[in-house]
Amino acid sequence: MGNVYIKSLGEKYLMANYSRHPIAFAKGEGAYVWDASGKKYLDFVTGLAVNALGHCHPAVVEAAVRQCKELMHSSNLYWTAPAAELAQLLVEHSCLDRVFLCNSGTEANEAAIKLARRYFHTVLKENRSTIITFSRSFHGRTIAAATATAQEVVHSGFDPLPGGFAYAAYNDIEALEAVIDDTTCAVLMEPVQGEGGINVADRDYLRQVRELCDKTGTLLVLDEIQCGLGRTGHLFAYEYYGIKPDIVTLAKALGGGLPLGAVLATEEVSAGFGPGSHGSTFGGNPVCCAAGRAVLETLLEPGFIEGVRDMGHYFMNKAFALAGKYDCIKEVRGLGLMIGIDLNRPGSAVVDACREKGLLVNCAAKTVIRLLPPLNVTQQQADRAFSVLDEALAEFSEAEEVE
Ligand code: PLP
């Protein structure tokens, strides 16, 4: 089946809620994917930060296949070793004490919102329920996570949205001080905003947010669904900031390509979820958790995360060099291997040109070329990608001159 046929089939039978590129992927290995015509691409989208170890990482495949042959599902009426062992790994390598497992990022945030509220209602017996989120955030597509997402385009047409959410400007402590009050139960924030265009919270700002939460008795929930698990050059992004959150949400990279999400919380806050309070049929699925364990074990190998940090500097230097060359680049932002090149106009032509030349990147917030390479990307692959980007930006700049 070729690209055109698969596209026509999808257009006929799938709902039209995505705008997709006109290719279908058939195979992936490491940093590369092949479309249905056999064309090879260097993949710096990585399934939007899911394939953080590259496509079909052997340790992840091996763990998942082995688990597939033993037990694929049992339900949360029973314990399974992969879920318990994954939770153990997450706890032992974080500042948090307990884990709730689910299937996606939006479900992790939904659960975190419910946990924060239930902690106040049932443990503290206080009537505080408002969740504060931030401009340009993205927290998912379920109705509460979409409401938490402070972007009109995500809300549009879904009225009535649930109450109990308030918004503040990102990276602006005074804006948060103005909104936080004695009805606030949690502040929910991405330390590095992904979909919003790679916006990095300032170190001082996030520390001030932590202090403000402490002062007002508010929970700090960090959405590390895109920026967590090694992406910033730290296993958890909060480590870069030197703060401890009360709750962290994870997904994307966690399952190594399989659907897996997690909420990590302190012992005290976890008490909000007593038996029967929350659940998920597929949450903690043994195959996904076995894969998740292989992902974490790989990330925890000596030198892996330091390698991400070093490669992150290499990428940033390359991106700054491009910014020095092309006036169409307004700003370069990023942390670790989460990099945004902000253009002076919508960047879809750059994305299309890169794709034609065999490099996958995508555009966030319309103008930001987002690079999410695999965390084990090589210098040679980085050099190849930046030479393609250079060509694409040259064409993009020429097109502006013609306009
Ligand atoms: N939170 C963040 C920071 C994300 O980037 C995303 C997805 O892009 C989500 C939540 C939602 O995750 P999912 O699409 O797995 O529901």
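What you see is a predicted model; the values in this text were computed from it and never measured. (Residues numbered from 1 in each chain as written. Predicted model: local features only at pLDDT ≥ 70, side-chain atom pairs only at ≥ 80, totals over all residues. Heavy atoms only, no water.)

Novice: For this particular structure, what's the right way to read helix α9 (residues 203-216)?
Specialist: Given 3.6 residues per turn, any residue in an α-helix points the same way as the ones three and four places further on. Across its 14 residues, α9 extends 20 Å between first and last C-alpha, which sits within 8% of the 20 Å expected from 1.5 Å per residue. Those residues of α9 that sit buried are Tyr205, Leu206, Val209, Arg210, Leu212 and Cys213. For α9, the arc enclosing every buried residue in end-on projection is 165 degrees, short of the 170-degree limit, so these residues lie on one face. Counted as exposed and oriented over 90 degrees from the buried face of α9: Asp204, Glu211, Asp214 and Lys215. Turning to α9, the residues buried within the fold contact β5 (130-134), α8 (173-179), β7 (184-189), β10 (219-223) and α10 (237-241). Just beyond α9, the residue with positive phi is Gly217, at close to 70 degrees. (Helix = DSSP H or I, 4+ residues; strand = E, 2+ residues; numbered from the N terminus. Expected span 1.5 Å × (residues − 1). Buried < 20%, exposed > 50% of the residue type's maximum accessible area, 1.4 Å probe, protein only. Arc of directions from axis to C-beta. Contact = heavy atoms within 4.5 Å.)

Novice: Help me out: how do you make sense of the side chain of Thr149 in this one?
Specialist: With respect to the helices, strands and loops of the structure, Thr149 is situated in the loop between α6 (143-148) and α7 (152-155). Setting aside residues no more than four positions away along its own chain, Thr149 makes contact with Ser137, Phe138, His139, Gly140, Val154 and His155.

Novice: Looking at this model, I keep getting lost on the site of the ligand. Mind explaining?
Specialist: Within the structure, the ligand sits among 13 residues, and Gly105, Thr106, Asp223, Gln226 and Lys252 are positioned closest to it. Gly105 has a polar backbone atom sitting 2.8 Å from an oxygen atom of the ligand. Here Asp223 contributes a side-chain N or O atom positioned 2.8 Å from a nitrogen atom of the ligand. Look at the ligand: alone it shows 390 Å² of surface, and the protein chains cover 82% of it. At 3 residues, helix α5 (residues 105-124) tops the list of elements feeding residues into the shell around the ligand. Partitioning the shell around the ligand into residue classes produces 2 nonpolar, 7 polar and 4 charged. (Near = heavy atom within 4 Å. Polar contact = N/O pair within 3.5 Å; in protein donor to acceptor, adjacent residues only side chain to side chain. Areas by Shrake-Rupley, 256 points an atom, 1.4 Å probe, with all protein chains shown as cover. Nonpolar A, V, L, I, M, F, W, Y, C, P; charged D, E, K, R; others polar.)

Novice: Please clarify how the packing of helix α3 (residues 58-70) against helix α12 (residues 286-299) should be interpreted in this entry.
Specialist: When two helices pack together, their arrangement is captured by the angle between the axes and the distance separating the axes. It is at 8 Å that the axes of α3 and α12 come closest, and there the two elements cross at 155 degrees. The angle between α3 and α12 places the two elements in the roughly antiparallel class. Along this stretch, α3 crosses α12, giving a crossing that reads as right-handed. The residues of α12 that touch α3, namely those facing Ala59, Val60, Ala63, Ala64, Gln67 and Cys68, are Pro286, Val287, Ala290, Ala291, Ala294, Val295 and Thr298. Grouping the amino acids of the contact of α3 with α12 by side-chain chemistry returns 11 nonpolar, 2 polar and no charged. (Axes fitted to C-alpha atoms, helices over the stretch in contact; angles between N-to-C directions. Parallel < 35°, antiparallel > 145°, perpendicular 65-115°, else oblique. Left-handed = near helix turned anticlockwise from the far one by under 90°.)

Novice: Would you explain the sheet that holds strand β11 (residues 247-250) in this entry?
Specialist: Across a sheet, strands are paired by hydrogen bonds formed along the backbone, either parallel or antiparallel in direction. Taken together, the 7 strands give an open sheet; going across it, the order is β4-β12-β11-β10-β7-β5-β6, and neighbouring strands pair in mixed fashion. Every other strand in the sheet has two partners, leaving β4 (98-102) and β6 (165-168) as the edge strands with one partner each. Going from strand to strand, the sheet's axes swing by 20 degrees on average, the running direction of each strand aside. In the sheet, β7 pairs with β10 via 4 bridges, with the strands oriented parallel. Within the sheet, the bridge partner assigned to Val187 lies in β10 and is Leu220. Sheet contacts for helix α4 (residues 81-92): β4, β11 and β12 (261-265); angle to β4, the most-contacted strand, approximately 130 degrees. (Pairing = 2+ DSSP bridges.)

Novice: When you look at the side chain of Arg128 in this model, what are you seeing that I'm missing?
Specialist: Position of Arg128 relative to the elements: it lies in the loop between α5 and β5. A distance of 3.4 Å separates the side chain of Arg128 from the backbone oxygen of Gly217, its partner in a polar contact. Of note is the side chain of Arg128, whose polar atom sits 3.2 Å from the side chain of Thr218. Here Arg128 is in contact with Phe120, His121, Asp181, Asp182, Thr183, Thr184, Cys185, Thr216, Gly217 and Thr218, once residues within four sequence places are set aside.

Novice: Whenever I open this one, the packing of helix α14 (residues 348-356) against helix α15 (residues 379-402) confuses me. Can you help?
Specialist: Where α14 meets α15, the closest approach of the two axes is 9 Å, and the angle between their N-to-C directions is 135 degrees. Classified by the angle between their axes, α14 and α15 sit oblique to one another. The interaxial crossing formed by α14 with α15 has right-handed handedness. Residues Ala349, Val350, Ala353 and Cys354 of α14 lie in contact with α15, whose contacting residues are Val388, Leu389, Ala392, Leu393, Glu395 and Phe396. Each residue belonging to the contact of α14 with α15 can be placed in one class, and the counts come to 9 nonpolar, no polar and 1 charged.

Novice: Just checking my understanding: could you explain the pattern of salt bridges for this structure?
Specialist: Note on pairing: side chains with opposite charge can pair once their charged atoms come close. Taken as a whole and assessed by the stated rule, the structure comprises 15 salt bridges. Across the pair Lys357 and Glu391 runs a salt bridge, and its minimum N-O distance is 3.4 Å. In this pair, Lys357 sits in the loop between α14 and β15 (359-360) while Glu391 sits in helix α15, placing the two residues 34 residues apart along the sequence. Of the residues examined, Glu391 reaches a relative accessible area of 40% and is grouped as partly exposed. (Salt bridge = Lys/Arg side-chain N within 4 Å of Asp/Glu carboxyl O.)

Novice: I'm lost on the packing of aromatic side chains in this one. Help?
Specialist: Remark: the centre distance and the inter-plane angle together describe each pair of aromatic rings, the angle taken between the planes. Counted under the stated rule, the structure contains 9 aromatic pairs. Between the aromatic rings of Tyr170 and Tyr205, the centroid separation amounts to 6.3 Å while the plane-to-plane angle is 70 degrees, which identifies the pairing as edge-to-face. You can see Tyr170 sitting in the loop between β6 and α8 and its partner Tyr205 sitting in helix α9, a full 35 residues away along the chain. Assigned by exposure class, Tyr170 and Tyr205 land together as buried. Ring-pair connections join several aromatic residues into one group, and the members of that group are Phe44, Phe315 and Phe386. For the cation-ring pair, Lys27 lies above Trp34, with the distance from its terminal atom to the ring centre recorded as 4.5 Å. Taking NZ or CZ as reference, Arg203 lies 3.9 Å from the ring centre of Tyr240, over its face. (Phe/Tyr/Trp six-rings, centres within 6.5 Å; stacked < 30°, edge-to-face > 60°. Lys NZ or Arg CZ within 6 Å of the ring centre and 35° of its normal.)

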